[in-house]
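Summary of the model geometry
Below, each chain spelled out in residue letters.
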Amino acid sequence: MIIKTYVVNNVTEAYPIIFQDLGKEAFILNTKSIKTGGFFGLFRKKQIEVVAAADHYTEKQTHVEMAEEVVKPENDSQKEVLKELSEVKGLISAIVKDEKNSIPTAMEKWVLRLREQEVDEEVIQYILKKVKMKQIQNLSAQEIEQCFLAIIEQLFEEGKAKDTDTSSFLITLVGPTGVGKTTTIAKLAAARVFQQRQKVGLLTSDTYRIAAVEQLKTYAGILNIPLEVVSNPADLPKSMEALKGCNLVFMDSAGRNYLEDEYIEEINQYLRYDAPQENYLVLSMTTRWRDMRNIVEQMKSVPIDKLILTKWDESTCYGVALNMVYHYPYPLAYVSLGQ
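About the thresholds
Residues numbered from 1 in each chain as written. Predicted model: local features only at pLDDT ≥ 70, side-chain atom pairs only at ≥ 80, totals over all residues. Heavy atoms only, no water. pLDDT = per-residue confidence, 0-100. Helix = DSSP H or I, 4+ residues; strand = E, 2+ residues; numbered from the N terminus. Contact = heavy atoms within 4.5 Å. Salt bridge = Lys/Arg side-chain N within 4 Å of Asp/Glu carboxyl O. Buried < 20%, exposed > 50% of the residue type's maximum accessible area, 1.4 Å probe, protein only. Axes fitted to C-alpha atoms, helices over the stretch in contact; angles between N-to-C directions. Left-handed = near helix turned anticlockwise from the far one by under 90°. Nonpolar A, V, L, I, M, F, W, Y, C, P; charged D, E, K, R; others polar.

1. A few points about the confidence of the model for the protein chain
- Counting all residues, the mean pLDDT for the protein chain is 80, and 81% of those residues have values of 70 or more.
- Within the protein chain, no element has a lower average pLDDT than strand 4 (residues 68-70), which sits at 41, and none a higher one than strand 10 (residues 306-310), at 95.
- Of the regions scoring below 50 in pLDDT, residues 57-73 engages in 30 contacts with residues more than four places distant in sequence or in other chains.

2. Structural notes on the pattern of salt bridges
- Following the criterion strictly, the structure yields 9 salt bridges and no others.
- We note a salt bridge from E214 to K217, for which the minimum N-O separation is 3.8 Å. Linking E214 with K217, this pair stays in helix 7 (residues 212-223), spanning 3 residues, or about one helical turn.
- By relative accessible area, E214 is classed as partly exposed at 47%.
- Its salt-bridge partner being R288, residue D291 comes within 3.2 Å of it at the nearest N-O pair.

3. Structural notes on the packing of helix 3 (residues 105-116) against helix 5 (residues 141-159)
- At their nearest, the axes of helix 3 and helix 5 sit 10 Å apart, and the two run at 35° to each other. Remark: the crossing between helix 3 and helix 5 carries right-handed chirality. Contacts between helix 3 and helix 5 involve A106, M107, W110 and L114 from the former and I144, E145, F148 and I152 from the latter.
- Of the residues assigned to the contact of helix 3 with helix 5, the class counts are 7 nonpolar, no polar and 1 charged.

So this is what it looks like as structure tokens:
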């Protein structure tokens, strides 16, 4: 650690000098008023002596107007302060490190497995806290495993959608490009047509992706159900009128760059249609957790009701699903696999 003393006209004037010499992490240890200059003790100028310190600093020195830099050797008092600061810093670091690494040996294997599955660290600490409440010192390895599995199962159970809302007339799927919204709509429509014997209509606003409309037309032809295409939100009432004989309408939205504010606003315009509706956010299990979290944060202004996670069979890492149900209030309605 470096300790330096500066003589300046006021404390505010000292900050840029200290930061330039010692870096942005520097801090002030002491200040006191002194008198400098003068002639035979007369006309002395009142200034401020500022003692600052930092763990390290750059060797670059500069001349600063209106300030006189004075470097003094460390006195005994300063050395004592330095020693105490170092001891406190070391103690805090040791406590933090010990707290973070205090994982009982019997639990290490399961913590490693969770991390390999890219489970968020906050979720891992939550699970550990729950497991530690079970008096693990008296449990066998198999019983500890069952504790982990039970807590994970409980998280999924709490994050799962309880029932499918049968009162909705319009269900819209939103999400970034490439997550499988169109394929998922075909699956949901088929389930309603063949299993529940409902009259279903399809609606798409995805006029951006090449062959997107043709793909949905193929699905509509296989299921023998009507399809409407809308190119902008103003066309939505007319298309919905054409599908009014259906029990339920699934709308496919365009997958766009979720970082574009224009895309988010466009999605919101389609979701303002006055009808009983649900909005599903579709995300892919092949997406990294950091990217998935950015997507969800960016789409917070979109009224999302439920969550669909696709491409389970294309991933070997399932921690993102656990992270989603832990961090966000969107009930998990469906998981999807296969083309």
